[in-house]
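Here's the letter readout for the chains.
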Amino acid sequence: MATTDRRRVDGKRPIATLATLLLAASVVVTVSTASVNAQEREIDTLEEARLLAIVVVAERAAYLEALDLLATPVPAALDAVIDEVAVPRRTTTEELLDVLEEIEVYGQVAGFELTDHGIDLSDPVRETLGPVDLSPADPGIHLDALADLVERAGGAPAGSGRSIDVDLLLAEVVLAFDVVYDDTGTRSESDDGVSWLVVGVAVGVALGGLAVAVVALAVTRGRRPVDDADPGNLDELLDLSRRLATAPDPESVERLAVREAVALTGARAAAVVRRDGDMLHLGVESEPGLLVAEHMIGSIFARVAETGQPLRAVVRDDAAIRHLPVSVVAVPVVRSGQISALLAVFRAAEVPFDPGEQATLGSMAPLVAAAVDGAQRVGDATAASLSDPLTGVGNRRRLDADLGALLDRSSTDGENAPSVAVVMMDLDRFKDVNDNHGHPAGDRLLREVADILRAEVRPGDSVYRYGGEEFCLVLPETTLADAAAVAERIRMAVGQHPLPINATDRLAVTASFGVAATDPTVEHAREEVVAQADAALYRAKSAGRDRVVTMADPTS
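Here's what I pulled together on the structure shown here. Since the model is a prediction, treat every value here as computed from it, not as a measurement. (Residues numbered from 1 in each chain as written. Predicted model: local features only at pLDDT ≥ 70, side-chain atom pairs only at ≥ 80, totals over all residues. Heavy atoms only, no water.)

1. Focus: the environment of Glu-469
Now for step 1: Here Glu-469 lies in the loop between strand S9 (462-467) and strand S10 (470-475).
Now for step 2: Apart from the residues within four sequence positions on either side, Glu-469 is in contact with Met-425, Asp-426, Leu-427, Phe-430 and Leu-446. (Helix = DSSP H or I, 4+ residues; strand = E, 2+ residues; numbered from the N terminus. Contact = heavy atoms within 4.5 Å.)

2. Side note on the packing of aromatic side chains
Now for step 1: Per the stated rule, a full pass over the model turns up 1 aromatic pair.
Now for step 2: Ring geometry for Phe-301 and Phe-346: centres 6.4 Å apart, planes at 65 degrees, overall edge-to-face. Of the two residues, Phe-301 sits in helix H11 (residues 300-307) while Phe-346 sits in strand S7 (residues 338-348), which places them 45 residues apart along the sequence. The pair formed by Phe-301 and Phe-346 is uniform in burial state, with each residue classed as buried.
Now for step 3: Arg-347 extends its terminal NZ or CZ atom over the ring of Phe-353, reaching a point 4.1 Å from the ring centre. (Phe/Tyr/Trp six-rings, centres within 6.5 Å; stacked < 30°, edge-to-face > 60°. Buried < 20%, exposed > 50% of the residue type's maximum accessible area, 1.4 Å probe, protein only. Lys NZ or Arg CZ within 6 Å of the ring centre and 35° of its normal.)

3. Brief notes about the sheet that holds S10
Now for step 1: Read from one edge to the other, the open sheet built from 5 strands follows the order S9-S10-S8-S13-S14, with strand pairing classed as mixed. At either margin of the open sheet sits one strand with a lone partner, and together these are S9 and strand S14 (548-550). The average angle at which neighbouring strand axes cross in this sheet is 20 degrees, direction not considered.
Now for step 2: Relative to S10, strand S8 (residues 421-427) is paired through 6 bridges, and the arrangement is antiparallel. Residue Val-423 lies in a different strand from S10, and its bridge partner there is Leu-473.
Now for step 3: Here helix H16 (residues 480-496) sits on the sheet in contact with S8, S10, strand S13 (511-517) and S14, set at roughly 165 degrees to S13. (Pairing = 2+ DSSP bridges. Axes fitted to C-alpha atoms, helices over the stretch in contact; angles between N-to-C directions.)

Keep in mind that these numbers describe shape and distance, not what the molecule does.
Set out below in structure tokens:
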């Protein structure tokens, strides 16, 4: 492998060098198809696990150094290793941080494999394969980890990394990169020298993390197969990744995960246990009453959550499991460097799980973690697109969607449908606030009014910013008279107490309201009822402001 110059944070990460395939309705991944046969293989031996771990530690050190997160001076041996790792040119800090998150996935894979091969990991190896700490790091920890991996396959005690022979260390690093990147000994690189370990993936929507997990599984080939006749279980896991990618929310991901865990491992039941700080909470179960939520503390699940190590055992005494004895495998699900959940499978004590079934469940964990992240990001992005960024209430797009859906449901009930009320509200003479006190004062006033609106409506009612200083309320199952009463209550709440516009000043303001409501006997379009409320608001402004006018009030 040719030595490359160290590349600083001044470039853009290229799109891809590792081949894999992820076809999902909400994910678009663009990757090269080169070297697919070389990259998709099992980690069957301790040597393969050791070499993968060396690559992880070397890549991690190089990217931390590129972010100036390694304390100086960097030991000469580690500096030579960093020179062997090509950090992409012109890469931004944000992109480098994304790469470090991806490297954590591979660190989990490497650590799992070393442990599964019976290695009691040394502290430096455990730390450098674990979550990335973005505080300034002692570079010696990476050198010690590499030394331990060279001398004892990562085992304890800690090695003499600071005095290790540089030529020996570099030879091992070169070997690791050559084996991991390409079976032929040719390093697979893009023009910028980026490795598959830090592969960039072009992702549609917000599910890039799932693609990274799939790449990890391609490298490990599903760890070891459940059935030796099945070459690696990779096809089933890739198919699972596609289904997980379409789950609309984190709970749906969990439901799919427990169902697929049962199918892939031959288990009788499965469950997800969620972790929140030091607390464990029952998530989704494949069958009701499988676990006892109030007894999670002190259980085998707490032990897995604390140590981060998978567990495979026949359990005969555990208050958190309802039906004993039972065979159990439990693996941690790691998100953003933290154990966020546990995935567990169960079957009769007479049929214990084998290492291959444990490995299959372990292969599922990164997919589940990435899918939960993706579903959460999609949900956050969707919510952001439907919210007003200044006030936090719904925006006009959300109003259109919510009111349309509400009227559609009402239309199916015919004459028995309750009326739906719409209240349009406009702050009086708001332009004067901006002109006299500045736009920051106007923004503060809008936020204060939004808080009042949220406080004055019922839990089932909705508040939206319609535009500028206009707000809209949608009140389900509300008559015109009741909606007018709500509007009057809000008018008084706004007008009776001066509202803060900065740290010291308060301003007395008023608001005008227009109210409309649907007639259950008449089919209404969304635009119609909003237009009726808006027309009533116009009449309120024309009549002198600071008042409530309904669609039924006289027009004169």
